[in-house]
Amino acid sequence: MKKLILYSALALSLTGTTFAQPSGGPGGPPGEDPCKTERQTYCKDSRHGHESDRCLREYMSKLSETCKNHINEMMSRFEKFRSACAADEEKYCKNVERGHAHMKCMRENESKLSAACKAALPSPPPGGGPRM
């Protein structure tokens with residue numbers, strides 16, 4: 001179950017939906033996907049989002065260092081978030097489906113979250129909604 005949650009959140013984070021990087025992340029201009037080339041090369045037939053991110057993980061050994069670094073950074077951010085927010089998630093968003101709705105719930109309850117969770121809560125993606 002923990003792995004399922006980890007992979008779900010990782011999928012969201014890789015697409016920039018959960019853990020958006022306003023600076024564009026390592027090696028890329030603002031708003032650009034550091035794994036764009038790899039998505040086009042290895043995963044062009046995959047739907048954007050979870051399917052595309054799952055595809056990228058299958059080709060991890062072939063990805064550029066920039067893309068690998070981005071994936072590792074997103075996983076690290078997610079682990080910090082999960083650790084800092086576990087009690088708050090259980091308290092405020094226990095019955096909310098993982099993904100966009102779950103992050104929306106966390107943001108809607110931001111004023112009630114612990115200080116550690118607030119600090120780890122990812123910023124909303126540019127434009128206020130998920131990028132598809």
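The rules behind the values
Residues numbered from 1 in each chain as written. Predicted model: local features only at pLDDT ≥ 70, side-chain atom pairs only at ≥ 80, totals over all residues. Heavy atoms only, no water. Helix = DSSP H or I, 4+ residues; strand = E, 2+ residues; numbered from the N terminus. Buried < 20%, exposed > 50% of the residue type's maximum accessible area, 1.4 Å probe, protein only. Areas by Shrake-Rupley, 256 points an atom, 1.4 Å probe, with all protein chains shown as cover. Salt bridge = Lys/Arg side-chain N within 4 Å of Asp/Glu carboxyl O. Expected span 1.5 Å × (residues − 1). Bend = angle between axes of the 7 residues up to and from the residue. Disulfide = S-S within 2.5 Å. Phe/Tyr/Trp six-rings, centres within 6.5 Å; stacked < 30°, edge-to-face > 60°. Arc of directions from axis to C-beta. Lys, Arg positive; Asp, Glu negative; His and termini not counted. Contact = heavy atoms within 4.5 Å.

Draft legend 1. Local environment of the overall build of the protein chain. A count of helical and extended segments in the protein chain gives six helices and zero strands. Going residue by residue from the N terminus, the α and β elements of the protein chain occur as α-α-α-α-α-α. Here the protein chain holds 132 residues, and 39% of them are scored as buried. Carbon and sulfur atoms form 51% of the exposed surface of the protein chain, whose accessible area is close to 7,700 Å².

Draft legend 2. Representation of the pattern of salt bridges within the structure. One pass over the structure, following the stated rule, counts seven salt bridges. Among the ionic pairs, R82 bridges to E89, the shortest N-O distance being 2.4 Å. Relative accessible area serves as the criterion here: at 3%, E89 is assigned to the buried category. With its nearest N and O atoms 3.9 Å apart, the salt bridge here joins K104 to E108. Residue K104 and its partner E108 are located together in helix 5 (residues 100–108), separated by four residues, close to a single helical turn. Considered together, K104 and E108 belong to a single accessibility category, that of exposed residues. Salt bridges sharing partners connect three or more residues here, namely R82, E89 and R98.

Draft legend 3. Main features of helix 4 (residues 65–92). For helix 4, which comprises 28 residues, the first-to-last C-alpha distance of 38 Å matches the rise-based estimate of 40 Å (1.5 Å per residue) to within 8%. At C85, helix 4 shows its maximal bend, which comes to roughly 65°. Three or more residues of helix 4 are buried, namely C67, K68, H70, I71, M74, F78, F81, C85, D88 and E89.

Draft legend 4. Broad picture of the state of the cysteines. Enumeration according to the criterion identifies four disulfides in this entry. There is a disulfide in this structure between C93 and C105, and the S-S distance comes to 2.0 Å. Looking down the S-S bond of the C93 and C105 bridge, the torsion is -95°, so its handedness is left-handed. Taken as a pair, C93 in the loop between helix 4 and helix 5 and C105 in helix 5 lie far apart in primary sequence, 12 residues in all.

Draft legend 5. Quick peek at the packing of aromatic side chains. Summed over all chains, the structure comprises two aromatic pairs. Ring centres of Y42 and Y59 lie 4.7 Å apart, and the angle between their planes is 15°; on these two criteria the pair is classed as stacked. Of this pair, Y42 sits in helix 2 (residues 36–42) while Y59 sits in the loop between helix 3 (50–58) and helix 4, placing them 17 residues apart in sequence. Relative to F81, the ring of F78 lies with its centre 6.5 Å away and its plane at 40°, an arrangement referred to as tilted. A residue pair is termed a helical-turn pair when its members lie 3 or 4 positions apart in one helix, as F78 and F81 do in helix 4 at three residues. There is no split in this pair, since F78 and F81 are both buried.

Draft legend 6. Representation of helix 3. Turning to helix 3, its buried residues are S52, D53, C55 and L56. All buried residues of helix 3 project into a common sector of 155° when viewed along the axis, lining one side.

Draft legend 7. Expanded view of the side chain of E38. On the secondary structure map, E38 appears in helix 2. The side chain of E38 sits in the buried core without any salt bridge; R39 is the nearest counter-charge, 7.6 Å away. Contact partners of E38, with chain neighbours within four places excluded, come to C43, L56, L63, S64 and C67.

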